[in-house]
Amino acid sequence: MSAVKAVRATGRGRPSKSAGVDLKQTILDAAEGLFARHGFYGVTTRQVAAEAGVDTALIHYYFGAKRELFDAVLLRRAEVVNQERIDSMTAYEVAHQGRMTPEGVIRAFIDPLIERSLTGGQGWKNYFALVAQVNNTPAWGGETMHRFFDPVVHQLVDTLKRAMPDAEMADLYWCYQFLTGSMMLALTETGRIDQLSDGLCHSSDLEAVRTRLYAYCAAGFEAVVRRPRA
């Protein structure tokens, strides 16, 4: 039975164009939450369909197999935050020609993510938790991050190079590797620091993160770039 026939057989009928937009977003929201909690391998399309309140055939009709659905979940918000970070870094460079600082560049790169997490609701928090999982998946995480995020990362590295002309490119890429780990851990709000600090700090306090993370990452870049060469 084709996907469309299967959908009709449930009594839902083939979705109209206007209804389809809503149903696609509903499916993506459900998949995003489940993937964020259980990972790619811990979720089935049947579970996504149940969470979204649709027939499984509708998922195949719109997205295809589970991996295509997963990629659609990643792409939906990646397009938004990538453009926001591109615009933020470009605006920073235009406003600070000849006097850019590593911390300023890093702030322009990360701040759009912090803002989305602060103001965008649970969906964005689910998304950042999911990206953190992908970023730490050895089997295919690197390839997936490459497809969705490399252009904006290259802009970050190139902008940092202009802010630190003496920096070696290898050092900048290594430092980005360390930055992305700190950034994604902060955005996942795991509660680890709450317990570690006996309640002194809270992982959900993203304003506290913001006042510290940029300076921390910038100091790391500067220390590596300025270290004595062997």
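The model shown is predicted, which means the values in this text are computed figures rather than measured ones. (Residues numbered from 1 in each chain as written. Predicted model: local features only at pLDDT ≥ 70, side-chain atom pairs only at ≥ 80, totals over all residues. Heavy atoms only, no water.)

### Brief notes about the overall build of the protein chain
Where we set the bar: Only runs of H or I of at least four residues qualify as helices and only runs of E of at least two qualify as strands under DSSP, and these elements are numbered from the N terminus. Each residue gets one of three labels from its accessible area relative to the maximum for its type: buried under 20%, exposed over 50%, partly exposed in between, using a 1.4 Å probe on protein chains only.
Of regular secondary structure, the protein chain possesses eleven helices and zero strands. Reading the helices (α) and strands (β) of the protein chain from amino to carboxyl end gives α-α-α-α-α-α-α-α-α-α-α. Once the C-alpha set of the protein chain is aligned to its principal axes, its extents read approximately 70 × 40 × 35 Å. Going through the 230 residues of the protein chain one by one, you find that 45% of them count as buried.

### Focus on the nonpolar core
Note the threshold: Residues belong to one nonpolar core when they are buried, are Ala, Val, Leu, Ile, Met, Phe, Trp, Tyr or Cys, and are joined through side-chain atoms within 4.5 Å. Contacts are assigned to residue pairs that have any heavy atoms within 4.5 Å of one another.
Ile27, Val48, Leu69, Ile106, Phe109, Ile110 and Leu179 are the most contacted members of the largest nonpolar core, which totals 69 residues. Discounting residues that sit within four places of it in the chain, Val48 has contacts with Ile27, Ala30, Ala31, Leu34, Val43, Ile59 and Leu69.

### Considerations on helix α5 (residues 66-95)
Owing to its 3.6 residues per turn, the α-helix brings residues three or four apart onto one side. For the record, the criterion: One less than the number of residues in a helix, times 1.5 Å, gives the span that helix is expected to have. In this analysis the local bend is the angle between axes fitted, respectively, to the seven residues ending at and the seven residues starting at the residue.
Here α5 contains 30 residues, and its C-alpha end-to-end distance of 44 Å stays within 8% of the 44 Å for a straight helix at 1.5 Å per residue. Of all bends in α5, the biggest is about 30°, found at Ala78.

### Concerning helix α3 (residues 45-52)
The following threshold applies: Each direction from the helix axis to a C-beta atom contributes to the arc, which is the arc of those directions.
Those residues of α3 that sit buried are Thr45, Val48, Ala49 and Ala52. Down the axis of α3, the smallest arc covering the buried residues is 100°, so these residues share one side. Pointing more than 90 degrees away from the buried face of α3 are the exposed residues Arg46 and Ala50. Count one or two residues on from α3 and you reach Gly53, which has phi positive near 75°.

### Some thoughts on unusual backbone geometry
Residues other than glycine seldom take positive phi values, yet Glu189 does so here, at roughly 50°. Among the secondary structure elements, Glu189 is positioned in the loop between α9 (169-188) and α10 (192-196). Backbone geometry places Asp198, a non-glycine residue, at a positive phi of 55°. Along the chain, Asp198 turns up in the loop between α10 and α11 (206-226). Residue Asp198 is classed as exposed on the basis of its relative accessible area of 73%.

### Some details on the packing of helix α8 (residues 141-163) against α9
Selection criterion: Between N-to-C directions, angles cover 0 to 180 degrees, with each direction set by a line fitted to C-alpha atoms, over the stretch in contact for helices. Each angle is binned into one of four classes, with values under 35 degrees roughly parallel, values over 145 roughly antiparallel, values of 65 to 115 roughly perpendicular, and all other values oblique. When the near helix sits turned anticlockwise from the far one by under a right angle, the crossing is termed left-handed; a clockwise turn instead gives a right-handed crossing. For this scheme, ten residues count as nonpolar: Ala, Val, Leu, Ile, Met, Phe, Trp, Tyr, Cys and Pro. Four count as charged, namely Asp, Glu, Lys and Arg, and the remainder, Gly too, count as polar.
It is at 10 Å that the axes of α8 and α9 come closest, and there the two elements cross at 130°. Between α8 and α9, the crossing angle belongs to the class labelled oblique. α8 and α9 meet at a crossing whose hand is right-handed. Each of Val153, His154, Leu156, Val157, Asp158, Leu160 and Lys161 in α8 lies in contact with α9, whose residues at this interface are Met169, Leu172, Tyr173 and Tyr176. Its residues assigned to classes, the contact of α8 with α9 shows eight nonpolar, one polar and two charged.

### What to know about the packing of α5 against α8
Where α5 contacts α8, the two axes come as close as 9 Å, and the packing angle between them is 10°. One way to sum up the angle between α5 and α8 is to call them roughly parallel. Together, Arg67, Asp71, Leu74, Leu75, Ala78, Asn82, Arg85, Ile86, Met89, Thr90 and Glu93 of α5 and Glu143, Thr144, Arg147, Phe148, Phe149, Val152, Gln155, Leu156, Thr159 and Arg162 of α8 make up the contact between the two elements. For the contact of α5 with α8, the residue count by class is nine nonpolar, five polar and seven charged.

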